[in-house]
Amino acid sequence: MAPPPILSIALPSETGRVLSIQSLTVQGYVGNKSAVFPLQLLGYDVDPINSVQFSNHTGKLFLLDHFVLDCYPTFKGQVLNGQQLWDLIEGLEENNLLYYTHLLTGYIGSVSFLNTVLEVVKKLRSVNPKLVYVCDPVMGDEGKLYVPKELVSVYREEVVPFASMLTPNQFEAEQLTGSRILSEADGREACNILHAAGPSKVVLTSININGSLLLIGSHQKEKGQSPEQFKILIPKIPAYFTGTGDLTTSLLLGWSNKYPDNLDKAAELAVSSLQVSILPIVDAVMIFHKIGYRYRSICWLNASALLQRTVNDYRSAGFDTQSSSLEIRLIQSQDDIRNPQVKLKAEIYS
């Protein structure tokens, strides 16, 4: 008797089928825990591979080089190596399960694993040449790496040319381009440099310019053409969240696929899942620590449906929201992910 068909392949969704290779925690929402559910809410079939699986997110969050927010005192778990990743890919291939429309990658902690990811990209594109690869090059923030420095050159020289969309933060964009980003013009030029290296879509998810937090997006629709570029001003909020970077990239994948020619609209929708009401501005910079997970410096003031709900719920529980990083209220915010109300608009650069 023939086995039953895999319906996600035989009857694919209108949106697509995503392979997501990222970290995972048992408790909390970072990596795949932060990315898979939102994509499913937007109509995607998502198959996760966990680059690490830890009990909780790792270590301490360092602010301004001297103040420490305690997260969890310890963590335990496992780290997937490159051969184990390839074993999973071979298992999928041997059972004719390797067709994907999108690949999403986040935190990767070693050169050997990243090299295997490159082989995965090639393998997936041999099955589906139109595969869209969305790469979040998680390396560090605020001038500090939290992955081995050898990964920088692998990302810059080997991964970026394969990416369809790239979502670095300010520090990561500087690492990939070799140029400082001190102004909006610098950010736009960084996008141009990255376009020349490969990806047609680039979103600098968080750039701090003169105390203002910006998202800068750039879409080069044809090679050799000037890209369409825009910015979204994102005021800050006085709280620190885990998993927002992973969530943002997954939403950029989800909405940009629905609006392939309108990256600015996709970015507005992605940001709007995380913002709604106005809070007092606080000048705080997050500097990140340790292996395993990124604590992105996306501190948003017009802060969320999702982020505002997170802050409100912690306060309802009697918790000081500035004393530690906060686990986002992802499940409770699913309506805001499905149907975001756009509050922050993109400004198109002329």
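The structure displayed is predicted, hence computed values, not measured ones.

Core analysis: the largest hydrophobic core is formed by 51 residues, its most contacted members being Leu19, Leu85, Ile89 and Tyr155. Looking at this core element by element, the count peaks at 7 residues for helix H4 (residues 111-127). Leaving out residues up to four positions away in the same chain, Leu19 has contacts with Asp47, Ile49, Ile89, Tyr100, His102, Leu103, Leu104, Val120 and Leu124. Core analysis: the next-biggest nonpolar cluster, separate from the first, contains 41 residues, Val134, Ile237, Leu253 and Leu269 among them.

In space, the 10 strands of this open sheet follow the order S5-S2-S1-S6-S7-S10-S11-S12-S13-S17, with mixed pairing throughout. Pairing within the sheet leaves two strands with one partner each, and these edge strands are strand S5 (77-79) and strand S17 (347-348). Of the strand pairs in this sheet, strand S1 (residues 17-25) and strand S2 (residues 45-54) are connected by 8 bridges, and their pairing is parallel. When the sheet's bridge partners are listed, Ser20 is paired in S2 with Pro48. Sitting on the sheet, helix H2 (residues 32-41) is in contact with S1, S2 and strand S6 (102-105), with an inclination near 150° to S1.

With their axes 8 Å apart at the nearest point, H2 and helix H8 (residues 244-258) run at an angle of 30° to one another. The orientation of H2 with respect to H8, classified from their angle, is roughly parallel. For the crossing formed where H2 meets H8, the hand is right-handed. Contacts between H2 and H8 involve Ser34, Ala35, Pro38 and Leu39 from the former and Asp246, Leu247, Ser250, Leu251, Leu253 and Gly254 from the latter. Split by residue class, the contact of H2 with H8 holds 6 nonpolar, 3 polar and 1 charged.

Another point: the side chain of Thr15. For Thr15, the location among the structural elements is in the loop between helix H1 (7-10) and S1. Looking at Thr15, its side chain comes within polar contact range of the main-chain oxygen of Gly43, at 2.6 Å.

All right, on to the packing of H8 against helix H9 (residues 263-272) then. At a closest axis distance of 8 Å, the pairing of H8 and H9 adopts a crossing angle of 135°. Regarding the angle of H8 to H9, the classification is oblique. As H8 packs across H9, the resulting crossing turns out to be right-handed. Mapping the contact onto sequence places Leu251, Leu252, Trp255 and Ser256 in H8 and Leu263, Ala266, Ala267, Leu269 and Ala270 in H9. Across the contact of H8 with H9, the residue classes tally to 8 nonpolar, 1 polar and no charged.

As a further point, take the pairing of strand S11 (residues 201-209). Remember that side chains alternate between the two faces of the sheet whenever the strand is regular. Counting buried positions over the 9 residues of S11 gives 8, a clear majority of the element. Here strand S10 (residues 165-166) pairs with S11 via 2 bridges, running parallel. Each residue of the ladder has a partner; that of Leu166, found in S11, is Val202. Pairing between S11 and strand S12 (residues 212-219): 7 bridges, direction antiparallel. Bridge pairing in S12 links Lys201 to His219. Counting the residues that bridge the hairpin from S11 to S12 gives 2 residues, and of these Asn210 lies at a positive phi of roughly 50°.

When we look at a pair of aromatic rings, we describe it by the centre distance and by the angle of the planes. One pass over the full model with this rule turns up 3 aromatic pairs. Plain terms: the ring middles of Phe54 and Phe75 are 4.8 Å apart, the flat faces sit at 45° to each other, and that makes the pair tilted. Remark: Phe75 occurs in the loop between strand S4 (67-69) and S5 and Phe54 occurs in strand S2; sequence separation between them is 21 residues. The class of Phe54 is buried, set by a relative accessible area of 4%. When the centroid spacing of 6.4 Å and the interplanar angle of 25° are considered together, the rings of Trp255 and Tyr259 count as stacked.

Given 3.6 residues per turn, any residue in an α-helix points the same way as the ones three and four places further on. A rise of 1.5 Å per residue sets the reference length of helix H10 (residues 305-316), with its 12 residues, at 16 Å; its end C-alpha atoms lie 16 Å apart and thus fit the reference within 8%. Regarding H10, the residues found buried are Ala305, Leu306, Leu307, Gln308, Thr310, Val311 and Tyr314. At its buried positions, H10 is contacted by strand S14 (241-242), H8, strand S16 (326-327) and helix H11 (334-338). The positive-phi residue at the C-terminal boundary of H10 is Gly318, with phi of around 80°.

Analysis parameters
- Residues numbered from 1 in each chain as written.
- Predicted model: local features only at pLDDT ≥ 70, side-chain atom pairs only at ≥ 80, totals over all residues.
- Heavy atoms only, no water.
- Core = buried A, V, L, I, M, F, W, Y, C linked by side-chain atoms within 4.5 Å.
- Buried < 20%, exposed > 50% of the residue type's maximum accessible area, 1.4 Å probe, protein only.
- Helix = DSSP H or I, 4+ residues; strand = E, 2+ residues; numbered from the N terminus.
- Contact = heavy atoms within 4.5 Å.
- Pairing = 2+ DSSP bridges.
- Axes fitted to C-alpha atoms, helices over the stretch in contact; angles between N-to-C directions.
- Parallel < 35°, antiparallel > 145°, perpendicular 65-115°, else oblique.
- Left-handed = near helix turned anticlockwise from the far one by under 90°.
- Nonpolar A, V, L, I, M, F, W, Y, C, P; charged D, E, K, R; others polar.
- Polar contact = N/O pair within 3.5 Å; in protein donor to acceptor, adjacent residues only side chain to side chain.
- Phe/Tyr/Trp six-rings, centres within 6.5 Å; stacked < 30°, edge-to-face > 60°.
- Expected span 1.5 Å × (residues − 1).

Don't take any of this as a statement about function, it's just geometry.
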